[in-house]
Amino acid sequence: MKNFFSKLGLKLQRFMYGRYGTDQLYRTLIWAYFAIMMLGLILGRAIDIKIYTIISILSFALIAFAFFRVFSKNIEKRRKENAKWISFTAKIKRYFRIRKDRWKFRKTHIFRKCPKCRAVLRLKRIKGSHSVSCPHCHKNFKIKVFF
């Protein structure tokens, strides 16, 4: 039995040679598929049959696209798709990371945007008027801290 599974693994490796495989976009598509399927199962009896059919078709399309990407031999195109997905999610992660940092350092620091490059700067909360230099674009500007 052990020999059978090892041979099966080798056959799968040979089959996948030259194919793209899994990445972050694939994992997201699989999670979205499961979420939509669970939604369809939970709401299946409570919603109209047309809506249930649309949910089923959407979930099937997600899983079909996910497996199409895994077995694709056009590796460069799949890499570009994944890079676009990563850059899109990076913007969302950055937004929430900034919100988390603002909450975490709310008592000891203030956050201001540079008027030139719009970068968010974390400055110590020291009462008074201060001159600040942006570390990204090196523009000098003045801020006032009231509390």
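Our structure is the block above this text.
Only a predicted model underlies this, so the values are computations on that prediction, with no experimental measurement involved. (Residues numbered from 1 in each chain as written. Predicted model: local features only at pLDDT ≥ 70, side-chain atom pairs only at ≥ 80, totals over all residues. Heavy atoms only, no water.)

Undergrad: Even after reading the chapter, I still don't get the packing of helix 2 (residues 24-43) against helix 4 (residues 75-104), so can you show me in this structure?
TA: For any two helices packed against each other, the geometry is given by the interaxial angle and the distance between the axes. One way to put it is that helix 2 packs onto helix 4 with a least axis distance of 8 Å and a crossing angle of 70°. In terms of axis orientation, helix 2 runs roughly perpendicular to helix 4. Along the contact surface, helix 2 presents Gln24, Leu25 and Thr28, while helix 4 presents Glu81, Asn82, Trp85 and Ile86. Residues belonging to the contact of helix 2 with helix 4 are distributed by class as follows: three nonpolar, three polar and one charged. (Axes fitted to C-alpha atoms, helices over the stretch in contact; angles between N-to-C directions. Helix = DSSP H or I, 4+ residues; strand = E, 2+ residues; numbered from the N terminus. Parallel < 35°, antiparallel > 145°, perpendicular 65-115°, else oblique. Contact = heavy atoms within 4.5 Å. Nonpolar A, V, L, I, M, F, W, Y, C, P; charged D, E, K, R; others polar.)

Undergrad: Can you walk me through the side chain of Ser59 in this structure?
TA: Take Ser59: it is sitting in helix 3 (residues 49-71). On the basis of relative accessible area, Ser59 is assigned to the buried category, the value being 2%. Beyond its immediate stretch of four places on either side in the chain, Ser59 contacts Tyr33, Ile36 and Met37. (Buried < 20%, exposed > 50% of the residue type's maximum accessible area, 1.4 Å probe, protein only.)

Undergrad: Sorry if this is basic, but what is going on with the pairing of strand 2 (residues 120-124) here?
TA: Across a regular strand the side chains alternate sides, sitting on one face of the sheet and then on the other. Alternating residues of strand 2 divide into Leu121 and Leu123, all buried, and Val120, Arg122 and Lys124, none buried. With antiparallel pairing between neighbouring strands as the criterion, strand 1 (residues 109-113) and strand 2 make up a hairpin whose turn holds six residues, including Arg118 at a positive phi of roughly 65°. (Pairing = 2+ DSSP bridges.)

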